[in-house]
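Examining the three-dimensional arrangement
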Amino acid sequence: MKGGDMSSVSPMVSFVLGAAMATVCVLFFMSATPARRLVDISAFTSAASNNSTADLQGLASSSSDADAVADSAAALAATATPAPAPAPVQAPSPWGDLEEVLARAATKDRTVIMTQINAAWTRPGSLLDLFFESFRTGEGGVARLLDHLVIVTMDPAAYEGCQAVHRHCYFLRTSNGIDYRSEKSFMSKDYLEMMWGRNRFQQTVLELGYNFLFTDVDVMWFRDPFRHISMAADIAISSDMYIGDPYSLRNFPNGGFLFVRSSAKTIDFYRAWQQGRWRFFGKHEQDVFNLIKHEMAPKLDLAIQFLDTAYISGFCQLSKDLNKICTLHANCCVGLGAKLHDLRGVLDVWRNYTAGTPDERRAGKFQWKLPGICIH
């Protein structure tokens, strides 16, 4: 080879070697970098590789040494691990995200009110309508508490019905194959599954750091019940039978109206409560609460308040003083039809009471319509 030819090839070989080394460095950097960076880097390495290959091809006719370098660079590029495809962006759930719904509904101290419904209870004129009406006709600004109410739905139809009338709706999806759209007979297998699923969901809410007041949808809200829940109580629960001492474990509880503060103690209690399902197999979750309260309250140093039925009342032990009552639960009453019949009568009396004069109200002129199908 002539001297002039050698001087023209040497710069070209230097250029080729430089490009190849750059490619090798980039590939090495890729292999030592977390996977998430590979997507960003791949565009750069692809462009560098393409440019280097084009330069090598342009110089190939001038030097056999350049051909060898180009072949080596191509071989390196061929053995490089391709960058993984970017992870797909997960679309938001069409059923509502639990943490987002809770955060939107919660008070400043992370407390939410919750109820649970299925399609049978959301039809026009059904229990959800009566539930909302009680808030609207209630006293002392009780209607404002609806801003903090999360409605947990058990089927798609109930979720769609909820969205039509309320802001904070969540669809609790289950994997047990049960169709929750229809009414479930008291103590049937499906009913027990629904009640224990509700209990597990409440535990999840506590684990997320939220306090909750759970209310059955057949509870009528007339006044703010929070003022009757002690700040010292870890758990405050309504009573089927109240004996006069709010901290006596001899009171008989009703889980249809239940306040729980989120803490390590209450989460441990819920774990024991869930385990009690299998210790006392076939029992309602309310009965299991009654069975484990004597064991778990002292063990966890748990303060359980049983709510006075003069204020947090129900059909089991009915308060007849409309000047005191805050909520009224259609407990001790089986069947959707019976509940609807008696609660409509309750709301009729309440509307008359709120329209009465202060003197008429103080005189106790207004009383529940007795007897009903369940109310006595």
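From a predicted model like this one, the values you see are computed outputs, not experimental measurements.

Geometrically, the link from L370 to P371 is a cis peptide bond, its omega value of -10° lying close to zero. Following the sequence through the fold, P371 ends up in the segment after helix 11 (358–362). The phi angle at D301 is positive, at roughly 55°, despite the residue not being glycine. Inspection of the secondary structure puts D301 in the loop between helix 9 (285–300) and strand 8 (304–306). Residue D301 is classed as exposed on the basis of its relative accessible area of 59%.

Glancing now at the sheet that holds strand 6 (residues 235–241). Sheet strands associate in pairs through backbone hydrogen bonding, adopting either a parallel or an antiparallel arrangement. Taken together, the seven strands give an open sheet; going across it, the order is 3-2-1-4-7-6-8, and neighbouring strands pair in mixed fashion. Here the strands that pair on one side only, and so sit at the sheet edges, are strand 3 (169–171) and strand 8. The sheet shows a mean angle of 35° between the axes of neighbouring strands, taken without regard to direction. Packed onto the sheet, helix 6 (residues 156–165) meets strand 1 (111–117), strand 2 (149–153) and strand 3 and runs at close to 170° relative to strand 3.

Attention shifts here to the sheet that holds strand 9 (residues 312–314). Sheet architecture is open: three strands sit in the order 5-10-9, paired in mixed fashion. At either margin of the open sheet sits one strand with a lone partner, and together these are strand 5 (219–221) and strand 9. Between one strand and the next, the sheet's axes are offset by a mean angle of 20°, whatever the strand orientation. Note that strand 5 and strand 10 (residues 327–329) share three bridges and pair antiparallel. Opposite W221, over in strand 10, you have T327 as the bridge partner.

What follows covers the environment of G125. Counting through the fold element by element, G125 comes out in the loop between strand 1 and helix 5 (127–137). Those residues in contact with G125, other than ones at most four positions away along the chain, are L340 and R344.

What follows is about the confidence of the model for the chain. Summary statistics for the chain give a mean pLDDT of 80 and a share of 70% for residues scoring 70 or more. Under a pLDDT of 50 for its full length, residues 1–17 has, in the predicted model, twelve contacts with residues more than four places off or in other chains. A low-confidence stretch, residues 182–187 stays under pLDDT 50, and its non-local contacts, those more than four residues away or across chains, total 18 contacts.

Here we take up the state of the cysteines. Applying the stated criterion to the full structure yields three disulfides. A disulfide bridge connects C162 with C169, and the sulfur atoms are separated by 2.0 Å. Between C162 and C169, the disulfide has an S-S torsion of -85° and is therefore left-handed. Judged by its relative accessible area of 4%, C169 is buried. The disulfide bridge from C333 ends at C374, spanning 2.0 Å between sulfur atoms.

Cut-offs and rules
Residues numbered from 1 in each chain as written. Predicted model: local features only at pLDDT ≥ 70, side-chain atom pairs only at ≥ 80, totals over all residues. Heavy atoms only, no water. Helix = DSSP H or I, 4+ residues; strand = E, 2+ residues; numbered from the N terminus. Buried < 20%, exposed > 50% of the residue type's maximum accessible area, 1.4 Å probe, protein only. Pairing = 2+ DSSP bridges. Axes fitted to C-alpha atoms, helices over the stretch in contact; angles between N-to-C directions. Contact = heavy atoms within 4.5 Å. pLDDT = per-residue confidence, 0-100. Disulfide = S-S within 2.5 Å.

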